[in-house]
Amino acid sequence: MALLIEIKVPDVGNVENIDVVDVLVKLGDEVKLEQTLAILETDKASIDLPSSATGTVQELFIKPGDKVSEGTLIAKVLTSDEAVSPAQPAESVQQAAASEEKAPEPVIVIPEPEPAKMQEAEQQPSIGSARAAHATPAVRLFARELGVDIQKITVGSGRKGRILKDDVKNFVKKIITEGVAQSGSGIPAMPSVDFSQFGAIEEQKLNKIKRLTGQNLSRVWLNLPMVTYHDEADITEMEAFRIGLNTEKSKDDVKITGLVFIIKALVSAMEQFPQFNASLSADGEKLIFKKYFNIGIAVDTPNGLVVPVLRDVNRKGINELTAELAEKSNKARQGKLMPSDMQGGCITISSLGGIGGTAFTPIVNAPEVAILGVTRAKMQPVWDGKEFIPRLMLPLDLTYDHRVIDGVEGARFMAVIKQYLGDIRRLLL
Ligand code: CAO
């Protein structure tokens, strides 16, 4: 005897308003016992809703986008004689409905992302890589929206280890917390040491300049592959010229230091090697060439290192630059520099020449691509092919961003700077 069986949403765990994602049958379709009629989705699970009878779909009450709850009527299936589930009594629709509790359990499936979607997810900046995980599409979508690779969440807190939204949230919280502790670098944070166990100590809070400088230096150190190239320039004649110029100055005039010639020589070299007057775009795809020549000068101040910028150095003479360097370095030491005084630099010089040293490895002031370090000039015996002659040799250290500057370019650039400093008349050419 044929029966009309009502198929309803079974007990899915007190969840209301479950989304109907897909309806897999239409009116008149022949369906088999346990065949999936529709796919429902809660924010915790995707549910295959099975038929509890074999027969023909007579009526269909849902469509994709509807919301259903336990007991919602899905379809009516007209059974053939032998087709009712063994669990179904063969007398009446009511009885058939009453027996639904014994109908096949809904199957919870964890679908794989479609290939296209998987690719899309991999291309997005995500925390991790791709592999199937035990989670519903809604949770996967939630994870994708946050840029989380769900595969990184090994066990979820849901039934049978299913990954829930809360697991994704907790994963993100953990990443953020650890990221802060590790300065975002992915390297382990430095351990905290109680130095007082070894003797007396005093703590001093870092001022803002030192804190910001430290952060910036760490960022540059971790982001830029840097190479430092060392050489010496013969500044014997330049020094004689400088001393001669200073003797012409009055007592109150600012004296010319070698640094101003170095600034001029550097800019002339940059005119010949534009890649040194450039910055790499943040995405690393483009080189941005600058048509202006602004030089930053690292100045040591009681509050820390600051870098005022001398603008349009290519258009200025030695005296003008000397006055400007004195003015800016004084302002720096008095803490009177404005932010605009420190912006727009193309390349930086860090000179320790007034203090000493033979060489050091300055860190590029990114997004600039190079920095020139200077230490103390020293009289040295230099072999001229026949004899040793005393020459004043200036040690120079060129650190460059190796993504932009090749080793050979660095060496050639330095050779040109040396040439200018060795014969400053060339700066006029
Ligand atoms: N070789 C030999 N003597 C040098 C020299 C060098 N390379 N550079 C400077 N001198 C001499 C100067 O001629 C001057 O001599 P006199 O007193 O006889 O005139 C003396 O040293 C002091 O010079 P200076 O340092 O006052 O002037 P400067 O133009 O050379 O430098 C400035 C100016 C602002 C760069 C410098 O004062 C300064 O602050 N240097 C520190 C830079 C710094 O902290 N760098 C950071 C390093 S990385 O963290």
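Given the structure is predicted, the values throughout are model-derived calculations rather than measurements.

Colleague: Can you lay out the packing of helix 7 (residues 258-272) against helix 9 (residues 407-422) for me, pointing to particular residues and giving the numbers?
Modeller: One can describe the packing of helix 7 onto helix 9 by two numbers: an axis separation of 9 Å at closest approach and a directional angle of 135°. By the angle class used here, helix 7 and helix 9 are oblique. The crossing of helix 7 and helix 9 is right-handed. Of helix 9, the residues touching helix 7 (which contributes Phe261, Ile262, Ala265, Leu266, Ser268, Ala269, Met270 and Gln272) are Phe413, Val416, Ile417, Tyr420 and Leu421. Grouping the constituent residues of the contact of helix 7 with helix 9 by class yields 11 nonpolar, 2 polar and no charged.

Colleague: A description of the pattern of salt bridges should follow, citing residues and the corresponding values.
Modeller: In total, this model carries 15 salt bridges according to the counting rule given. Its salt-bridge partner being Glu239, residue Arg242 comes within 2.9 Å of it at the nearest N-O pair. Of this pair, Arg242 and Glu239 both sit in helix 6 (residues 236-247), 3 residues apart, which is roughly one turn of that helix. The burial state of Arg242 is the same as that of Glu239; both residues are buried. For Asp401, the salt bridge goes to Arg403, with nearest N and O atoms at 2.7 Å. Here the salt bridges do not stand alone but share partners, grouping Asp234, Glu237 and Arg391 into one network.

Colleague: Can you lay out the environment of Leu398 for me, pointing to particular residues and giving the numbers?
Modeller: Mapped onto the elements, Leu398 comes out in strand 20 (residues 388-401). Taking the relative accessible area as the measure of exposure, Leu398 reaches 0% and is therefore buried. Sequence separation between Leu398 and Met414 is 16 residues; the distance between their C-alpha atoms is 7.4 Å.

Colleague: A description of the site of the ligand should follow, citing residues and the corresponding values.
Modeller: The ligand sits among 21 residues. The nearest are Thr257, Arg333, Ser350, Thr375 and Ala377. Within the side chain of Thr257, a nitrogen or oxygen atom sits 2.6 Å from an oxygen atom of the ligand. In isolation the ligand exposes 950 Å². Once the protein is present, 64% of that is buried. Those elements that provide at least two residues to the shell around the ligand are strand 14 (299-301), helix 8 (318-333) and strand 17 (347-351). Of all the elements, helix 8 adds the most residues to the shell around the ligand, at 3 residues.

Colleague: Tell me about the pairing of strand 2 (residues 18-23), and please be specific about residues and values.
Modeller: Within a regular beta strand, the side chains point alternately toward one face of the sheet and then the other, so they alternate between its two faces. Sheet topology places strand 2 next to strand 7 (residues 67-68); 2 bridges connect them, and they run antiparallel. Counterpart to Ile18 in the pairing with strand 7 is Val68. By the bridge criterion, 4 bridges tie strand 2 to strand 4 (residues 36-41) in an arrangement that is antiparallel. Bridge pairing links Asp22 to Ile39 in strand 4.

Colleague: Go over the packing of aromatic side chains, please, and point to the residues and values.
Modeller: Enumeration over the complete set of coordinates arrives at 5 aromatic pairs. On the basis of an interplanar angle of 90° and a centroid distance of 6.3 Å, the ring pair of Phe273 and Phe276 is categorised as edge-to-face. The two residues Phe273 and Phe276 agree in class, both being buried. Among the aromatic residues, those joined into a cluster by ring pairs are Phe273, Phe276 and Phe413. The residue whose ring lies beneath Lys165 is Phe142, and the NZ or CZ to ring-centre distance is 5.1 Å.

Colleague: So, the pairing of strand 19 (residues 378-383): which residues are in play, and what are the values?
Modeller: In the sheet, strand 19 pairs with strand 20 via 6 bridges, with the strands oriented antiparallel. Looking at the pairing, Gln380 lines up with Arg391 of strand 20. Remark: 4 residues form the turn of the hairpin made by strand 19 and strand 20, two consecutive strands paired antiparallel; Gly385 in that turn has positive phi of roughly 105°.

Colleague: Which residues make up the confidence of the model for the protein chain, and what values go with them?
Modeller: Across the protein chain, pLDDT averages 84, with 84% of residues at or above 70. Ignoring residues within four places in sequence, the model shows residues 82-131, a span with pLDDT below 50, making 84 contacts including any to other chains.

Colleague: Give me the side chain of Gln275: which residues, what numbers.
Modeller: Along the chain, Gln275 turns up in the loop between helix 7 and strand 11 (278-280). Gln275 sits in the buried class, given a relative accessible area of 14%. At a separation of 3.1 Å, a polar atom in the side chain of Gln275 contacts the side chain of Glu409. Apart from residues no more than four positions distant in its own chain, Gln275 is found in contact with Phe289, Val369, Val404, Ile405 and Glu409.

Colleague: I'd like a description of the nonpolar core, backed by residues and values.
Modeller: With 49 residues, the main nonpolar core has Ile295, Ile349 and Leu421 as its most contacted residues. Of all the elements in the fold, those that place two or more residues in this core are helix 7, strand 13 (295-297), helix 8, strand 17, strand 18 (370-374), strand 20 and helix 9. With 10 residues, helix 7 is the largest single contributor of residues to this core. Apart from residues no more than four positions distant in its own chain, Ile295 is found in contact with Ile263, Leu266, Val267, Met270, Pro308, Val309, Leu310, Val313, Ile347 and Ile349. Counting residues in hydrophobic clusters, the runner-up holds 22 residues, among them Leu3, Ile7, Val9 and Ala53.

About the thresholds
Residues numbered from 1 in each chain as written. Predicted model: local features only at pLDDT ≥ 70, side-chain atom pairs only at ≥ 80, totals over all residues. Heavy atoms only, no water. Axes fitted to C-alpha atoms, helices over the stretch in contact; angles between N-to-C directions. Helix = DSSP H or I, 4+ residues; strand = E, 2+ residues; numbered from the N terminus. Parallel < 35°, antiparallel > 145°, perpendicular 65-115°, else oblique. Left-handed = near helix turned anticlockwise from the far one by under 90°. Contact = heavy atoms within 4.5 Å. Nonpolar A, V, L, I, M, F, W, Y, C, P; charged D, E, K, R; others polar. Salt bridge = Lys/Arg side-chain N within 4 Å of Asp/Glu carboxyl O. Buried < 20%, exposed > 50% of the residue type's maximum accessible area, 1.4 Å probe, protein only. Near = heavy atom within 4 Å. Polar contact = N/O pair within 3.5 Å; in protein donor to acceptor, adjacent residues only side chain to side chain. Areas by Shrake-Rupley, 256 points an atom, 1.4 Å probe, with all protein chains shown as cover. Pairing = 2+ DSSP bridges. Phe/Tyr/Trp six-rings, centres within 6.5 Å; stacked < 30°, edge-to-face > 60°. Lys NZ or Arg CZ within 6 Å of the ring centre and 35° of its normal. pLDDT = per-residue confidence, 0-100. Core = buried A, V, L, I, M, F, W, Y, C linked by side-chain atoms within 4.5 Å.

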